[in-house]
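Commentary on secondary and tertiary structure
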Amino acid sequence: MSELRGVTDATHDLRRSAVSGRTPQLLWCAAVAAVVLFALEVALAVLLGPRPGVVATMSLNAAAQVAAAAACFWTARRTRPGDRRWRRLIGVMAGSSALASVATAAAVLGGESPRVSSGWYAVLLVFHGVALAGLLSLPTDPVDGRAGRQGRGSSRWYVITMLDCVLIVGSIVLLEWGTVLAAVVRTGAPDLREFLLSLVHAVSVLILVTAVVLIASFRRPRSPATLALLGTGLLAYGLTSNVFVYRVAQHQLDMPPLSVVTFGLAFLLVFLAALLPFPARAPPDGPALDGPAPAGPQATWAYVVLPYAVLGAAGLLVVGKLSIGTQVDRFETYGIAGLLLVALVRQMVTLVENARLLAGIRDQERELHHQAFHDPLTGLANRALFTRRLQRALTRDTDDAGDASDASDASHAGDASHAGDAGGGTSLSVLFLDLDEFKHVNDTFGHAAGDELLWISAERLRAGTRTVDTIARLGGDEFAVILDGDGLRNPRRVGERLAAAIQTPCLLAGRPYTPRASLGLVTLDSPARPADPDVLLHQADLAMYAAKRERTGRLKVYRPDMSPPIATPPPG
């Protein structure tokens, strides 16, 4: 159904091309020429005898293959870089097929009997691998609607798709062998070389068809019509090759002219696929308006289960034979063993891919956690994390359960802010710092210099504090430090040292500058710790405003008689 829908889309593309002026004459002439060539090939196959009919049909097949190769290479020179690889690779396959058709026609003209297989068809197996690489190079997008090439993010998509193709086609061949083909081979007693060559040739083409089905079902091709034409052509090619396997199994090595007509049809469809206009990639914010909708959970499950479902059917056939006492031949034994090995490899690749995805999710979670609790400019803790740690420090004496959670927070903080287990100290101090004349810095030196001053101040605070202290940027030019834990004997001296460090001259935008800051400190003993961290922070804020009123750059320690800042009335 999807193939028919794709062919219908191709017809619509031809009509839209005529309306929009995208080389409509070339497209319509190509379509008419393809129909005429195919009709001529059918007529010659019916009207001529076996030998001249094979020569005529193989010659016209060669013409169709040359046309397909020429269209691929010609359009590859005129398309975007991302759309060139598949055209060149499919063109190489079409060109090699043309050589095989010419060689077959020449052999028949030389008096040889028309054969289903020959040395040229063995060479074609290599070029079928080239065609598979071309199909996997078709521009597609993930089913979730996010733009992106499948091969650039990871090569695992290629590996998994190829393994799926081998699993599906191998299982189908094993089912075919166990139900019909084995009996035909035993009855016909074919030439082993001819049979194996025809079987491998058919399998290689069916792998190409399966690749198209997987791409169409579980990716978002940017040109469904192009993929449908390629898939329909390869399907015709594959079905005809599969029919030839049964002919060889019955020791019928001749090539009836009418049986090879579908080879020409296959490459005529490739010819038209190469000439179809290729749309641009889907927009980054979602799927294209006229493209297929993103696949749902059912499609995801189908993608996972499909290869194993076909393999399971082949396995049930073998198990069923064994359960009723039917002998299993070597083809079935080696075939099921090989398919199980391929399934194991496929599962290992899937596990590696899942592990990579899980590692990426964990990295994203850690990054999101860091962004939620840290200032993006300085890397310090933000107000939310500062308040959380201050509350924990205030209640540590009565609630030791917070230590484990604190260690978890510290692991997320990393080097961004000194966060660790403060270890049950005897005193708690909060330092509040505000840079003076910060607006003047932005106006005089620029906002980039203002950001640089914030970063310099953060680094100086880091250098002057311990690893168990928490440094935070509360917003704008305001910083706060939690000084808590063993070893803190004189918090006022620490605050004075930080005040001196912050106000050390530096360079801003290449020019010398001496920062000015106002610092307030509040210190509480353990028995007097309040339950609300906002009260403690407000007291440190009052001390900072007292220092700002004095404009000396010296640290002020909170006293209960300190008054809040007087609000400046707005200009009238």
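Residues numbered from 1 in each chain as written. Predicted model: local features only at pLDDT ≥ 70, side-chain atom pairs only at ≥ 80, totals over all residues. Heavy atoms only, no water.

1. Points about the packing of aromatic side chains
Our working definition: Only Phe, Tyr and Trp rings take part, Trp by its six-membered ring, and two of them pair if their centres are within 6.5 Å. Stacked means planes under 30 degrees apart, edge-to-face means over 60, and tilted covers everything else. Strands here are runs of E lasting at least two residues and helices are runs of H or I lasting at least four, both read from the DSSP assignment and numbered beginning at the N terminus. Relative accessible area decides the class of each residue, using a 1.4 Å probe on protein chains only: under 20% of the type maximum gives buried, over 50% gives exposed, and in between gives partly exposed.
Applying the stated criterion across every chain yields a total of six aromatic pairs. Each ring, one from Y237 and one from F267, has its centre 5.8 Å from the other, and the planes form 55 degrees; the classification is tilted. Linking Y237 in helix α9 (residues 224–249) with F267 in helix α10 (residues 261–275), this pair joins segments that are 30 residues apart in sequence. Exposure class is identical for Y237 and F267. Each is buried. An aromatic cluster is present here, built from Y237, F244, F263 and F267 joined pairwise through their rings.

2. Thoughts on the side chain of S171
Heads up, the rule is: Here, two residues are considered to be in contact whenever any of their heavy atoms come within 4.5 Å of each other.
Looking at the element boundaries, S171 is found in helix α7 (residues 156–188). Here S171 is in contact with V166, V310, L311, A314 and L339, once residues within four sequence places are set aside.

3. Describing the pairing of strand β5 (residues 478–484)
Keep this limit in mind: Pairing between strands is defined by DSSP: at least two bridges between the two strands are required.
Counting buried positions along β5 yields six of seven residues, so the element is predominantly enclosed. Note that strand β3 (residues 427–435) and β5 share seven bridges and pair antiparallel. Bridged to S429 within β5 is L483. Pairing between strand β4 (residues 470–475) and β5: five bridges, direction antiparallel. The residue bridging T470 from the neighbouring strand is I482, located in β5.

4. Here we look at the packing of α9 against α10
The following threshold applies: To obtain each axis, a line is fitted to C-alpha atoms, and for helices this fit is confined to the stretch in contact; angles are then taken between N-to-C directions over 0 to 180 degrees. Throughout, the term roughly parallel applies to angles under 35 degrees, roughly antiparallel to angles over 145, roughly perpendicular to angles from 65 to 115, and oblique to all others. Handedness of a crossing is defined here by the sense of rotation of the near helix relative to the far one, left-handed for an anticlockwise turn of less than a right angle and right-handed for a clockwise turn.
At a closest axis distance of 8 Å, the pairing of α9 and α10 adopts a crossing angle of 165 degrees. As judged from the angle between their axes, α9 and α10 are roughly antiparallel. Between α9 and α10 lies a crossing whose hand is left-handed. On the side of α9, the interface is formed by T226, L229, L230, T232, G233, A236, Y237, T240, S241 and F244, while α10 contributes T262, F263, A266, F267, L269, V270, L272 and A273.

5. Thoughts on helix α17 (residues 491–502)
Basically, it comes down to this: Under the convention used throughout, the expected extent of a helix is 1.5 Å for every residue step, that is, one less than its residue count. Arc, as used here, means the arc of the directions from the helix axis to the C-beta atoms.
Under the 1.5 Å per step criterion, the end-to-end length of α17 is 16 Å for 12 residues, consistent within 8% with the ideal 16 Å. All of the buried residues along α17 are P491, V494, G495, L498, A499 and I502. Around the axis of α17, the buried residues are gathered within 140 degrees of arc, so they sit on the same side.

6. Remarks on the nonpolar core
Stated precisely, the cut-off is as follows: For our purposes a nonpolar core is just a set of buried Ala, Val, Leu, Ile, Met, Phe, Trp, Tyr and Cys residues, chained together by side-chain atoms within 4.5 Å.
Core analysis: the largest hydrophobic core is formed by 73 residues, its most contacted members being L135, L181, F195 and F267. Elements that contribute at least two residues to this core include exactly α2 (24–47), α3 (50–76), α4 (85–109), α5 (119–136), α7, α8 (192–218), α9 and α10. Top contributing element to this core by residue count: α8, with 13 residues. Counting residues in each nonpolar core, the second largest holds 28 residues, with F445, A449, L483 and L498 among its members.

7. Some points on the pairing of β3
The buried fraction of β3 is high, at nine of nine residues. Every second residue of β3 is oriented toward a common face, with S427, S429, L431, L433 and L435 on one face and L428, V430, F432 and D434 on the other, all of them buried.

8. Thoughts on the environment of L44
Examined against the element boundaries, L44 turns out to sit in helix α2. Residue class for L44 comes out partly exposed when judged on its relative accessible area of 24%. Residues L44 and L60, spaced 16 residues apart in sequence, show a C-alpha to C-alpha distance of 9.7 Å.

9. With respect to α7
Definition in use: Bending is quantified residue by residue as the angle between axes fitted to the seven-residue window ending at that residue and the seven-residue window starting at it.
Along α7, the largest kink reaches about 60 degrees and is centred on W177. A189 sits one or two positions beyond α7 and adopts a positive phi of about 50 degrees.

10. Regarding a nonpolar patch on the surface
Defined as follows: Put simply, a patch holds well-exposed residues, over 30% relative accessible area, that have no salt bridge, with like charges counted together within 9 Å and Val, Leu, Ile, Met, Phe, Trp or Tyr side chains within 5 Å. Computed with a 1.4 Å probe, the accessible areas rest on the Shrake-Rupley method; for each residue, only the protein chains presented here act as cover. Any Lys or Arg side-chain nitrogen located within 4 Å of an Asp or Glu carboxyl oxygen qualifies as a salt bridge.
A contiguous nonpolar surface patch, about 470 Å² in accessible area, is contributed by L341, L344, V345, M348 and L351. In this structure, L351 sits in helix α12 (residues 330–373). On the basis of relative accessibility, which here comes to 44%, the residue L351 falls in the partly exposed class.

11. Focus on the pattern of salt bridges
Note on pairing: side chains with opposite charge can pair once their charged atoms come close. Summed over all chains, the structure comprises 17 salt bridges. For K548, the salt bridge is made with D434, and the minimal N-O distance between the two is 2.7 Å. Of the two residues, K548 is situated in helix α18 (residues 533–550) and D434 in strand β3; the sequence distance between them amounts to 114 residues. With a shortest N-O distance of 3.1 Å, E550 and K556 are connected by a salt bridge. We classify K556 as buried; its relative accessible area is 17%.

12. Quick word on the environment of L174
For L174, the position within the fold is in helix α7. Measuring from C-alpha to C-alpha, the distance between L174 and E332 comes to 6.6 Å, with 158 residues separating the pair along the chain. With residues near it in sequence (within four places) discarded, L174 still touches A314, L317, F331, E332, G335, I336 and L339.

13. With respect to the side chain of D477
The line we're drawing: When charges are counted, Lys and Arg contribute as positive and Asp and Glu as negative, whereas His and the chain ends are disregarded.
When you line up the elements, D477 lands in the loop between β4 and β5. The buried charged residue D477 lacks any salt bridge, with K548 as its nearest oppositely charged partner at 6.0 Å. Those residues in contact with D477 that lie beyond four places of it in its chain are L433, D434, L435, F438 and L454.

Everything listed is a geometric property; what it means functionally is a separate question.
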